[in-house]
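Remarks on the overall topology
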Amino acid sequence: MSTRALDAAGLEKLVSAAVAAPSIHNSQPWRFHLQPATSTLEVRADRSRAVPAADPQGRALHISVGAAVLNLRVAARHLGWAPEVRLLPDPADPDLFATVRLDGAATVPVPGTERLFEAIWRRHSIRTPFTGEPVPQTVLDELVAAARTEHTALQLPDHAETARLLHLTAEAERRSTTDEAQRTESRSWIRTGDADAQPYGIPVTALGPQDQAGHLPVRDFAALRAAEHQAPAPFEHEPRIAVLTTEHDTPEDWLRAGLALEHVLLAATVHGVRASLLHQAMEWPYLRWEARDPHRGPGYVQILIRLGYGPEGAPTPRLAAGDVLDREE
């Protein structure tokens, strides 16, 4: 395998792709550090952007950073490297979540890389109603396969199990709305000003309405602030929910869940499928435990993904590559 040089332009492309990943409340809790001697890009947690009320264990932080690592891997392959990804490579450095070594050129392209890379720039979460048009089984099968390649599982619950999961999500949403710490924290990530001045968090323009029928509990960032509420709207009657699970529940599993989540979201974007994330029940330990499907055996639910078709949503701002990249002189 030949050696490639990582120049400044390539580095900026890689980090720009990484920061396009989803993160809880668009907190973007990551930093990147290049070791030029080994062409290794370190991916570190930025705990100053943690959300401790909703994520006291740091599980969602790991998922967020894992999604950025997936984008890094896709972008590196797009640029002709054969990236070597290691998760949690140094037990003595717990904030070093991953390393991506970029000293070798790819001998053959990985199938699907170009489509996934192009989708990085179009993917974003949707908080509005879907049309109700079902996602074809062939597309769902591809999403299941995408999760499997990242050593996770994507389950597609039936009608009864979907109703149960939505009930748990609704209960979690009620708790989050009435819990002062949770409510205050989530509202602190809402941005009403210039996105260039605050290139993180969720702008008011990216928020969505509540379900008119109360059937689909999307997160209500405007809770108890009536002036910011949008008029309720009818959501799809039969939502397609996918459940992302891991075999165990360690920090490495959380990172793998992040890789799998972004792989699934990019594959969905390739097919024009919209997605929104239902994380509320994951933020309450008892409800997260209840989200497990006992008929499927052991496993740990990491996030629920709502899939469907609908209008393109409003993008959320991103920090510039230079804002999250530390360079060695």
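Residue numbers run consecutively from 1 along every chain, following the written order of its sequence. Residues qualify for local features only when their pLDDT is at least 70, as the model is predicted, and side-chain atom pairs are given and counted only at 80 or more; totals for whole chains, interfaces and linings, by contrast, use all residues. Just so you know, side-chain values use all the structure's heavy atoms and leave hydrogens and water out.

Digging into the overall build of the protein chain
We count it as follows: Going along the chain from the N terminus, every DSSP run of H or I of four or more residues is numbered as a helix, and every run of E of two or more is numbered as a strand. Values of the radius of gyration come from C-alpha atoms, whereas the globule rule sets the reference at 2.2 Å times the count of residues to the power 0.38. Between buried and exposed lies partly exposed: a residue is buried under 20% and exposed over 50% of the maximum accessible area for its type, with that area taken using a 1.4 Å probe on protein chains only.
Scanning the protein chain from terminus to terminus reveals nine helices and eleven strands. Since a compact globule built from 329 residues should have a radius of gyration of about 20 Å, the 19 Å found for the protein chain is in line with a globular shape. Its C-alpha atoms give the protein chain principal-axis dimensions of roughly 60 × 40 × 40 Å. Counting over 329 residues, the protein chain shows a buried share of 54%.

A word on the pattern of salt bridges
Going by this rule: One speaks of a salt bridge when a side-chain nitrogen belonging to Lys or Arg is within 4 Å of a carboxyl oxygen belonging to Asp or Glu.
One pass over the full model with this rule turns up 18 salt bridges. With a shortest N-O distance of 2.9 Å, E171 and R174 are connected by a salt bridge. Taken as a pair, E171 and R174 lie in helix α5 (residues 159–178) at a separation of three residues, close to a single helical turn. Judged by its relative accessible area of 24%, E171 is partly exposed. With its nearest N and O atoms 3.1 Å apart, the salt bridge here joins R256 to E252. You can see R256 and its partner E252 sitting in helix α7 (residues 251–270), four residues apart, about one turn around the helix. We classify R256 as partly exposed; its relative accessible area is 24%. Via salt bridges that share partners, E42, R44 and D93 belong to a single interconnected network.

Considering the sheet that holds strand β11 (residues 325–327)
Our working rule: For two strands to be treated as a pair, DSSP must find at least two bridges joining them. Lines are fitted to the C-alpha atoms to define the axes, a helix being fitted only along its stretch in contact, and any angle between axes, read from their N-to-C directions, falls within 0 to 180 degrees. By the convention used here, residues are in contact when the closest approach between their heavy atoms is within 4.5 Å.
Read from one edge to the other, the open sheet built from five strands follows the order β3-β4-β2-β1-β11, with strand pairing classed as mixed. Only two strands of the sheet have a single partner each, and these edge strands are β3 (84–87) and β11. Strand-to-strand, the axes of this sheet are offset by a mean angle of 20 degrees, without reference to chain direction. Relative to strand β1 (residues 30–35), helix α1 (residues 8–19) is tilted by about 160 degrees, and along the sheet it contacts β1, β2 (40–45) and β11.

Some details on the packing of helix α4 (residues 137–149) against α7
To keep it simple, the criterion reads: Working rule for angles: under 35 degrees goes down as roughly parallel, over 145 as roughly antiparallel, 65 to 115 as roughly perpendicular, anything else as oblique. Rotating anticlockwise by less than a right angle from the far helix to the near helix defines a left-handed crossing, while the corresponding clockwise rotation defines a right-handed one. The classification used treats Ala, Val, Leu, Ile, Met, Phe, Trp, Tyr, Cys and Pro as nonpolar, Asp, Glu, Lys and Arg as charged, and all other residues, Gly among them, as polar.
Their axes nearest at 8 Å, the elements α4 and α7 cross at an angle of 150 degrees. Taken together, the axes of α4 and α7 are roughly antiparallel relative to one another. The hand of the α4/α7 crossing is right-handed. Taken together, the residues of α7 that come into contact with α4 (itself represented by E142, L143, A146, A147 and T149) are A260, H263, V264, A267 and A268. Here the residues of the contact of α4 with α7 are counted per class, giving seven nonpolar, two polar and one charged.

Side note on helix α3 (residues 113–120)
Because the α-helix completes a turn every 3.6 residues, residues three or four places apart line up on one side. Worth spelling out the cut-off: Arc definition: it is the arc formed by the directions from the helix axis to the C-beta atoms.
Listed in full, the buried residues belonging to α3 are T113, L116, F117, A119 and I120. For α3, the angular spread of the buried residues around the axis is 160 degrees, confining them to a single face. Tucked into the core, α3 has its buried residues touching α1, α2 (59–78) and α7.

A short note on the side chain of E42
As a reminder, the rule being used: In protein, a polar contact requires one atom able to donate a hydrogen and another able to accept it; more generally it is a pair of N or O atoms within 3.5 Å, and residues adjacent in sequence count only if both atoms are side-chain atoms.
Of note, E42 is situated in strand β2. A polar contact of 3.4 Å, which involves the side chain of E42, links it to the side chain of R44. For E42, the residues in contact, after removing those within four places along its chain, are R31, F32, H33, Q35, L96, A98 and T99.

Examining unusual backbone geometry
Unusually for a residue other than glycine, S39 sits at a positive phi of about 50 degrees. Following the sequence through the fold, S39 ends up in the loop between β1 and β2. Judged by relative accessible area, which is 15%, S39 ranks as buried. The phi dihedral of H151 is positive, around 65 degrees, even though this residue is not glycine. Considering the arrangement of structural elements, one finds H151 in the loop between α4 and β5 (153–155). You can call H151 exposed: its relative accessible area is 59%.

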